[in-house]
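Commentary on secondary and tertiary structure
Chain residues, written in single-letter form:
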Amino acid sequence: MRKPIIIANWKMYKTRAEAAAFCQAFLPLIRQQDQADVVICAPFTQLDVLAAELAGSGVGVGAQNFYPLPEGAFTGEVSLPMLQEIGVQYVIIGHSERREIFHEDGALVRQKVQAAYAAGLQPILCVGEHLEQRNNGLTVSVCSGQMLSAIEGLNEAQLKTLIVAYEPIWAIGTGRTATAADAEQVIGALRQAMAETYGQAVADQVRFQYGGSVKPENIAELMAQPDIDGALVGGASLKPDSFSQLVLFQKQQ
Ligand code: PGA
């Protein structure tokens, strides 16, 4: 059984004080829940605050970016050992905002996935198609191409712990969610591609999330799909109330 995993992606929101206030309001709302793993991915300046506020709660801390070398002359970048030192366990890799706005290509995404595993951090690998690609019937080939290229060279043990977030670009921050059936169809195809390349035993363990305008009103239907194991959530993760409702989703029968 794959345990559901609900991940907040705060993007470039919140100060340190706001992050601390979030945790103080959020933790009591999810106390004793055990149905899902929960992670908050935040800007660098908040990560030590989150590590302290969330210590002992079971909620993990994730970064949204890093540079895949341990140190060096890379002005403005942050390395994995620096993140680990302050208690970070997860890293988002290949988010469409990084691919599009910051021009991160497939080779850098793959290098980051390798570096994260080598350092012992858990990657959350994002893949997703543009609306035009969807309209041209390219969704599965684009997303499986991104996924398979990013995970080249990983061993079986690493692959089994992988988290892949399918995030159609046209659904991010737009209020337009893929229907649960559409999301299931793509994620089912990604799991199939994983099975064909690495075997069913690996494919059965990988946790696939859907991301793109997930909110309390649509989480249950998404989570009821057989291949959807979680959600990567931007906007609706910023308020303790709505993020706690996502974590406490009710599985539909
Ligand atoms: P959204 O963002 O939930 O605000 O659409 C999702 C994401 O980009 O991870």
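Above this text is the structure in question.
Throughout what follows, the structure given in this document is the object of discussion. (Residues numbered from 1 in each chain as written. Predicted model: local features only at pLDDT ≥ 70, side-chain atom pairs only at ≥ 80, totals over all residues. Heavy atoms only, no water.)

This next bit is on the overall build of the chain. Scanning the chain from terminus to terminus reveals 12 helices and 8 strands. Computed over its C-alpha atoms, the radius of gyration of the chain comes to 17 Å, within 12% of the 18 Å expected for a compact globule of 253 residues. Looking at the chain residue by residue over its 253 residues, the buried ones come to 52%. Nonlocal contacts in the chain, meaning residues at least 24 apart in sequence, comprise 72% of its contacts between residues at least 6 apart. Within the structure as shown, the chain displays about 11200 Å² of accessible surface, and the carbon and sulfur contribution to it stands at 51%. (Helix = DSSP H or I, 4+ residues; strand = E, 2+ residues; numbered from the N terminus. Rg over C-alpha atoms; globule rule 2.2 N^0.38 Å. Buried < 20%, exposed > 50% of the residue type's maximum accessible area, 1.4 Å probe, protein only. Contact = heavy atoms within 4.5 Å. Areas by Shrake-Rupley, 256 points an atom, 1.4 Å probe, with all protein chains shown as cover.)

Tracing the backbone through its elements, the reader meets isoleucine 7 in strand β1 (residues 5–9). On the basis of relative accessible area, isoleucine 7 is assigned to the buried category, the value being 0%. For isoleucine 7 and valine 247, which are 240 residues apart along the polypeptide, the C-alpha to C-alpha distance reads 8.8 Å. Setting aside residues no more than four positions away along its own chain, isoleucine 7 makes contact with Val39, Cys41, Ile124, Gln209, Ala231, Leu232, Val233 and Phe243.

Moving on to the nonpolar core. Ile6, Met147, Tyr210 and Phe243 are the most contacted members of the largest nonpolar core, which has 72 residues in total. The element best represented in this core is helix α9 (residues 180–198), accounting for 8 residues. Apart from the residues lying within four places of it in its own chain, the contact partners of methionine 147 are Leu125, Val127, Val164, Leu190, Ala193, Met194 and Phe208. Core analysis: the next-biggest nonpolar cluster, separate from the first, contains 11 residues, Ile5, Ile124, Ile163 and Ala165 among them. (Core = buried A, V, L, I, M, F, W, Y, C linked by side-chain atoms within 4.5 Å.)

Applying the stated criterion to the full structure yields 6 aromatic pairs. Where phenylalanine 22 meets phenylalanine 243, the ring centres are 6.5 Å apart and the plane angle is 45°; that geometry is what we call tilted. You can see phenylalanine 22 sitting in helix α1 (residues 16–30) and its partner phenylalanine 243 sitting in helix α12 (residues 240–247), a full 221 residues away along the chain. Directly above the aromatic system of tryptophan 10 lies the positively charged group of lysine 14, at a separation of 5.0 Å from the ring centroid. Note that arginine 98 overlies the ring of phenylalanine 102, its terminal NZ or CZ placed 4.2 Å from the centroid. (Phe/Tyr/Trp six-rings, centres within 6.5 Å; stacked < 30°, edge-to-face > 60°. Lys NZ or Arg CZ within 6 Å of the ring centre and 35° of its normal.)

So, about the packing of helix α7 (residues 139–150) against α9. In contact at an axis separation of 10 Å, α7 and α9 are set at 45° when each is read in the N-to-C sense. As judged from the angle between their axes, α7 and α9 are oblique. Along this stretch, α7 crosses α9, giving a crossing that reads as right-handed. Counting all contacts with α7, which are made through Thr139, Val140, Cys143, Ser144, Met147 and Leu148, the residues of α9 involved are Val186, Ala189, Leu190, Ala193, Met194, Thr197 and Tyr198. Taken together, the residues of the contact of α7 with α9 sort by class into 10 nonpolar, 3 polar and no charged. (Axes fitted to C-alpha atoms, helices over the stretch in contact; angles between N-to-C directions. Parallel < 35°, antiparallel > 145°, perpendicular 65-115°, else oblique. Left-handed = near helix turned anticlockwise from the far one by under 90°. Nonpolar A, V, L, I, M, F, W, Y, C, P; charged D, E, K, R; others polar.)

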